[in-house]
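The residues making up each chain are set out below.
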Amino acid sequence: MKVTAVILAAGQGTRMRSALPKVLHPLGGRPLLQYSLDLAAKVGSASPVVVVGHGADQVRETVGDKARFAVQEQQLGTANAVQSAAAVAAGEADYVVVISADMPLLRSETLQELVNRQASNDGPLTMLTVKSENPRGFGRVVRGADGSVTAIVEEAQATPEQLAIRELNAGAYCFRDAWLWPALRRVNMSPKGEYYLTDLVEIAVAEGQVVQALVAEDKCETIGINTRVHLSEAETALRSRINTAWMESGVTMIDPATTYIDASVQIGRDTVIWPNTCLYGETVIGEGCEIGPNTMIHDTLIGNRCKVFASVLEKAELEDGVDMGPFARLRKGAHLAEGVHMGNFGEVKDSYLGPGTKMGHFSYIGNANIGNEVNIGAGTITCNYDGKHKHQTEIGDHVFIGSDTMLVAPVKIGARARTGAGAVVTRDIAADTTVVGVPARPLYKSKEKDGN
Ligand code: UD1
Ligand code: CA
């Protein structure tokens, strides 16, 4: 059984009131269209066909080589949109699945069931419906006395009795390929000047054929996004779906309502997520960690048994047993090795802190390579920028950096060296040497000069 998926993504999305095409608005950190592409990849046999029109170039760019494209020159309605895909899709499969790119919460299991339902009956199409007290502008599903579907009536054309119907057209269909394409040519223009895909139901019924309807059990799956209010409803529903899945797989959430996790994030067992925590992008968190409250993490790898408290992390890496915060910030390229401790008001960027290194308070470490068991005193700054270029700081194992030390890069500090409080280090320091002062000088030399 071959299935081709057609994704409708040409509409303007006027009701979003946005410069960005509707299907590119992010949900759970990914463009809406991405969810349809994932669905299509699961149920389709060949690469899906995306119908583009409004903002076509931007949409193509986002999709890349994950689909084939058909162009709908003028947005003349959903039937016209499917028709635009004829040259690419007609005749290549037994069944054609049509979905809108604005229904991101549809599950692949449900869509597969729609295909199976169609494959096991002789009718020309099977449609997905939903029963809901909130019709949200959806087409109403009209059934005859025997309960079979006779039409879909769009809200604008519905009579008061039809408006009262609470079975709605979700906007996902599976058609017999051989029937679909010729039938599309028989759709007439609606009073609103559009060709409605939904008219195919009446066309089939007029031929004496039976239209099957699969009623979605979970209403959330059929949320169609026309406005930003719908987008936020979908975001809430998606959040609840993602959070529930993590809790079921062994993650504790103190307050799922304020826990925001992108679909792409991964979290290990027995990790606890405290309230007001946002985990975004390609973030991966290990087992037995404590994350939050009040923490935002982007694209960061976190090992096992780490504690991240009230902090902001971006494109960083934490090995096992790192403990940080409150109010710590990791920027791109920060790499904290096993057991690093980072306290309040520290910032690390493009730097490696070796195992067991401690940086308790008020420090900036940028473009540095720091060894094992180094103590970075309060207020230490790597002065890495001379106004034009960034320079590197190298600190050996077991170094003790005194409070308020300025490390004027490029500079190298040998193993077990020490700096006094307030030192401004402008030259390299040899191993096992203590320096003090501004600019910093080895302690023993000043003693010799004084004749002590
Ligand atoms: C559509 C259905 C409605 C259903 C609802 C479910 C029709 C006529 N109506 O209404 O019965 O209840 O979905 O969400 O189909 N598009 C194009 N080209 C166009 C017009 C639309 O590609 O010329 C695309 C849009 O980008 C969108 C999808 O088709 O992804 C649906 O269009 P939209 O305008 O959102 O339809 P609804 O009014 O929601
Ligand atoms: Ca819609």
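Residues numbered from 1 in each chain as written. Chains lettered and ligands numbered in written order. Predicted model: local features only at pLDDT ≥ 70, side-chain atom pairs only at ≥ 80, totals over all residues. Heavy atoms only, no water.

Visitor: What is the right way to read the coordination of the calcium ion (ligand 2) from this model?
Guide: Each pair of donors in an ideal four-coordinate tetrahedral metal site encloses 109.5 degrees, whereas pairs in an ideal six-coordinate octahedral site enclose 90 or 180 degrees. Protein ligation of the calcium ion (ligand 2) involves D102 (OD) and N226 (OD1), the donor distances falling in the range 2.3 to 2.5 Å. With a gap of 124 residues between them, D102 in the loop between β6 (95–100) and α5 (108–119) and N226 in the loop between β11 (212–215) and α9 (228–248) connect regions that are remote in the sequence. The class of D102 is buried, set by a relative accessible area of 13%. Assessed through its relative accessible area of 12%, N226 is described here as buried. (Donors = N, O, S within 2.8 Å, 3.2 Å for Na, K, Ca; no water. Helix = DSSP H or I, 4+ residues; strand = E, 2+ residues; numbered from the N terminus. Buried < 20%, exposed > 50% of the residue type's maximum accessible area, 1.4 Å probe, protein only.)

Visitor: It is not clear to me how the domain arrangement of the protein should be interpreted in this structure. Could you clarify?
Guide: One widely used convention gives an interface's size as the accessible area the parts lose upon coming together. Taken domain by domain, the protein comprises domain 1 (3–222) and domain 2 (228–442). Residue-level contacts link 17 residues of domain 1 with 11 residues of domain 2. Here domain 1 meets domain 2 over a buried area of about 1200 Å², counting both sides, of which 56% is carbon and sulfur. Its largest share of buried area at the contact with domain 2, domain 1 owes to G28, L105 and R136, together 40% of the area lost on that side. Linking domain 1 to domain 2 there are 1 salt bridge. The salt bridge involving E233 is made with R136; its shortest N-O contact spans 2.3 Å. The tally of links between domain 1 and domain 2 comes to 6 residue pairs in polar contact (both at pLDDT 80 or more). Contributing elements (two or more residues each) for the side of domain 1 that touches domain 2: β2 (26–27) and α1 (32–43). Residues belonging to the side of domain 1 that touches domain 2 are distributed by class as follows: 7 nonpolar, 4 polar and 6 charged. (Domains from an automatic or database assignment. Contact = heavy atoms within 4.5 Å. Buried area = accessible area lost by both parts, 1.4 Å probe. Salt bridge = Lys/Arg side-chain N within 4 Å of Asp/Glu carboxyl O. Polar contact = N/O pair within 3.5 Å; in protein donor to acceptor, adjacent residues only side chain to side chain. Nonpolar A, V, L, I, M, F, W, Y, C, P; charged D, E, K, R; others polar.)

Visitor: Would you take a moment to explain the nonpolar core for this structure?
Guide: As a rule of thumb, soluble globular proteins bury nonpolar side chains together. Counting residues in hydrophobic clusters, the biggest one holds 58 residues, and the most contacted among them are I302, L318 and L330. Mapped onto this core, the elements with two or more residues apiece are α1, α9, β26 (334–336), β27 (341–349), β29 (358–366), β30 (368–370) and β36 (411–413). The biggest single contributor to this core is α9, with 6 residues. The residue makeup of this core includes at least three contributed by each of domain 1 (3–222) and domain 2 (228–442). Those residues in contact with L330 that lie beyond four places of it in its chain are V312, L313, E314, A316, L318, M324, L336, M342 and V348. Of all hydrophobic cores here, the second largest spans 34 residues; its members include A70, V96, V149 and V211. (Core = buried A, V, L, I, M, F, W, Y, C linked by side-chain atoms within 4.5 Å.)

Visitor: Is there a simple way to think about the site of ligand 1 in this case?
Guide: Taken together, 23 residues surround ligand 1, and among them Q72, G77, T78, E154 and N169 come closest. At 3.3 Å, a side-chain N or O of N226 approaches an oxygen atom of ligand 1. The protein chains hide 90% of the 760 Å² of surface that ligand 1 would expose on its own. (Near = heavy atom within 4 Å. Areas by Shrake-Rupley, 256 points an atom, 1.4 Å probe, with all protein chains shown as cover.)

Visitor: Sorry if this is basic, but what is going on with the side chain of Q72 here?
Guide: On the secondary structure map, Q72 appears in the loop between β5 (68–71) and α3 (78–84). Given the relative accessible area of 3%, Q72 is considered buried. Only 3.4 Å separates the side chain of Q72 from the backbone oxygen of Q74, close enough to count as a polar contact. Excluding residues that lie within four positions of it along the chain, Q72 makes contacts with A10, V51, V52, G53, G77, N80, A81 and S84.

Visitor: Which parts of the structure should I look at to understand the packing of helix α7 (residues 177–184) against helix α8 (residues 199–206)?
Guide: Working note: a packed helix pair is described by the angle between its axes plus the distance between those axes. The interhelical angle for the contact between α7 and α8, taken along N-to-C directions, is 110°, at an axis separation of 11 Å. When the interaxial angle is binned, α7 and α8 end up roughly perpendicular. Between α7 and α8, the residues in contact are W179, L180, A183 and L184 and L200, I203 and A204, respectively. Split into classes, the residues belonging to the contact of α7 with α8 amount to 7 nonpolar, no polar and no charged. (Axes fitted to C-alpha atoms, helices over the stretch in contact; angles between N-to-C directions. Parallel < 35°, antiparallel > 145°, perpendicular 65-115°, else oblique.)

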